[in-house]
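# Chains, contacts and geometry: an overview
Spelled out from the first residue to the last, the chains are:
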Amino acid sequence: MKKFLITAFLLSLIFTGCNKTKTASLPPVNQNSQSIDDIIAQSTQDAPVTVLPIPTEEVTLSMGVLPSQKEMYDAVKPSFTPASQIDIDLSQMSSSMIYSMVFEMICMPEMYEDKNLKVKGNFVVYISEETGDRHYAIVIPDATQCCQQGIEFIWFGDNKTYPQDFPPIGTEIELTGRYKSIYTKEGFLINFIEAEKIES
């Protein structure tokens, strides 16, 4: 059961719900007027849409039992080898395909374990309210930028240090790395990307 429990932090990164707000009301219908499709189109065409901005500075979140970046790195360090090929290229997929793929990665990580991924999105940094640990993620907005999917990554290759070796927060990046999952000492499953290369 715990295998499919995701921490509050990971849920906060996977902004799966679109944040569109439509408040217009339907006009009255009479027998010889518009079709239902026309009425719905008219009632929603001026509806406000809330756009979720990509953070441009560190964001503090309550993250619960999430392990630190060093703990995640130490858990996968013995298996690290450079990627020889890309198994899944999310940078070339539509927003709906990315949504489906990321959702499946979270729910069925065993299908994607050790797959080499390429992902395009925006670099964001989160600070754990509980521990003060810093966590890195790539957030992928859809075409309208109302929905976002995100995945944490670790990047320690060649002794990378933050912020010197990292792009500015909010910058669009292309990340190549290996998909990994580990269990915390509390029994929760954590999914992330072991980054090999980041380009901005």
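This text goes with the structure placed above it.
Residues numbered from 1 in each chain as written. Predicted model: local features only at pLDDT ≥ 70, side-chain atom pairs only at ≥ 80, totals over all residues. Heavy atoms only, no water.

This paragraph deals with unusual backbone geometry. Each neighbour pair has its own omega, and for Tyr162 with Pro163 the value is 5°, a cis peptide bond. Looking at the secondary structure, you find Pro163 in the loop between strand 5 (148–154) and strand 6 (172–183). In this structure, Asp114 is a non-glycine residue whose phi angle is positive, near 70°. Looking at the secondary structure, you find Asp114 in the loop between helix 4 (95–107) and strand 3 (116–128). Owing to a relative accessible area of 39%, Asp114 belongs among the partly exposed residues under this scheme. (Helix = DSSP H or I, 4+ residues; strand = E, 2+ residues; numbered from the N terminus. Buried < 20%, exposed > 50% of the residue type's maximum accessible area, 1.4 Å probe, protein only.)

Quick look at the pattern of salt bridges now. Within the structure shown, the criterion is met by five salt bridges. Note that Lys70 and Asp74 form a salt bridge whose closest N and O atoms lie 2.8 Å from each other. Residue Lys70 and its partner Asp74 are both found in helix 3 (residues 69–76); the two are separated by four residues, about one turn of the helix. The class for Lys70 is exposed, based on a relative accessible area of 53%. Overall, Asp74 belongs to the partly exposed group, its relative accessible area being 40%. Notably, a salt bridge pairs Lys180 with Glu113, separated by 3.9 Å at the nearest N-O pair. Linking Lys180 in strand 6 with Glu113 in the loop between helix 4 and strand 3, this pair joins segments that are 67 residues apart in sequence. Take Lys180: its relative accessible area is 5%, and that puts it in the buried class. One salt-bridge network, held together by shared partners, links Glu113, Asp114 and Lys180. (Salt bridge = Lys/Arg side-chain N within 4 Å of Asp/Glu carboxyl O.)

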